[in-house]
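Structure assessment
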Amino acid sequence: AGQLAVALERVRLLNEAQQRADELVEALGKQSELVRLKDEFIQNVSHEFRTPLAIVSGYMEILESGEFGELPEAYRQPVDITVRRVRLLSRLVDDLTSILEVHTARQRFETIHIADLMGNLQLSLVTEAIAEQHQLSFDVGKDIPPIYGEAGFLRKAIENLVSNALKFTPAGGQIKVSLSAQNGKVAIVV
């Protein structure tokens, strides 16, 4: 009788465990479906925005360049503002597609020599700073250890920080980007 009671209890526990396992499988299936729907939504939204943005951007750049003739003075500022806003929207669409890439980014983690990455960024961002009438300086410390991560996303994060600094600093302002090693960690300050 005692062995029968133990066997019945084990069967009950096994059934309970199987039921919980089935519930987990169902929950994981729902989660996977939600992730798929989110990814599909982001793809659709970014695709639907890209085409009209490209058309608007093309026409605005033609207007700004004067290919359709010289713009009257009263139209220059609104066209300039519109061109900048269209570029901002295009960057937002790019950021949306970056969200999709985050899922696969961990698979691309690698050792990054961030001082080299900063040197490459400096070349591209100095031009933007000059166009915005700013002074941009980079201070890269010595003995910066390599870090582990995804270079593309790190580059994008730093570019966004510096672009925001350029955008929100009054003309003629100074932006300083520094890279240093502190207590075994790397610090980037904009």
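Residues numbered from 1 in each chain as written. Predicted model: local features only at pLDDT ≥ 70, side-chain atom pairs only at ≥ 80, totals over all residues. Heavy atoms only, no water.

Here the focus is unusual backbone geometry. With a phi close to 55 degrees, aspartate 143 is a non-glycine residue in the positive phi region. Residue placement: aspartate 143 occurs in the loop between β2 (135-140) and β3 (147-149). The exposure class of aspartate 143 is exposed, given its relative accessible area of 73%. Even without a glycine there, the phi angle at asparagine 183 is positive, about 50 degrees. Mapped onto the elements, asparagine 183 comes out in the loop between β4 (174-182) and β5 (185-189). (Helix = DSSP H or I, 4+ residues; strand = E, 2+ residues; numbered from the N terminus. Buried < 20%, exposed > 50% of the residue type's maximum accessible area, 1.4 Å probe, protein only.)

What follows deals with the nonpolar core. Met118, Leu136 and Val162 are the most contacted members of the largest nonpolar core, which has 18 residues in total. Counting residues per element, this core draws most heavily on helix α3 (residues 114-131), which supplies 6 residues. Methionine 118 has contacts with Phe138, Val140, Ile158, Val177, Leu179 and Ile188, leaving out every residue within four places of it along the chain. (Core = buried A, V, L, I, M, F, W, Y, C linked by side-chain atoms within 4.5 Å. Contact = heavy atoms within 4.5 Å.)

It is worth spelling out a nonpolar patch on the surface at this point. There is a patch of nonpolar side chains on the surface, built from Ile55, Tyr59 and Phe68 and spanning about 360 Å² of accessible area. Within the secondary structure, phenylalanine 68 is located in the loop between α1 (2-65) and α2 (73-105). (Patch = residues over 30% accessible without salt bridge, like charges linked within 9 Å, V, L, I, M, F, W, Y side chains within 5 Å. Areas by Shrake-Rupley, 256 points an atom, 1.4 Å probe, with all protein chains shown as cover. Salt bridge = Lys/Arg side-chain N within 4 Å of Asp/Glu carboxyl O.)

Turning next to the sheet that holds β2. Either a parallel or an antiparallel arrangement is found when strands of a sheet pair, and the pairing is made through backbone hydrogen bonds. Read across the sheet, 3 strands follow the order β2-β4-β5 without closing on themselves; strand pairing throughout is mixed. The sheet terminates laterally at β2 and β5, the two strands that pair on one side only. Averaged over all adjacent pairs, the angle separating strand axes in this sheet is 10 degrees, with direction ignored. Note that β4 and β5 share 5 bridges and pair antiparallel. (Pairing = 2+ DSSP bridges. Axes fitted to C-alpha atoms, helices over the stretch in contact; angles between N-to-C directions.)

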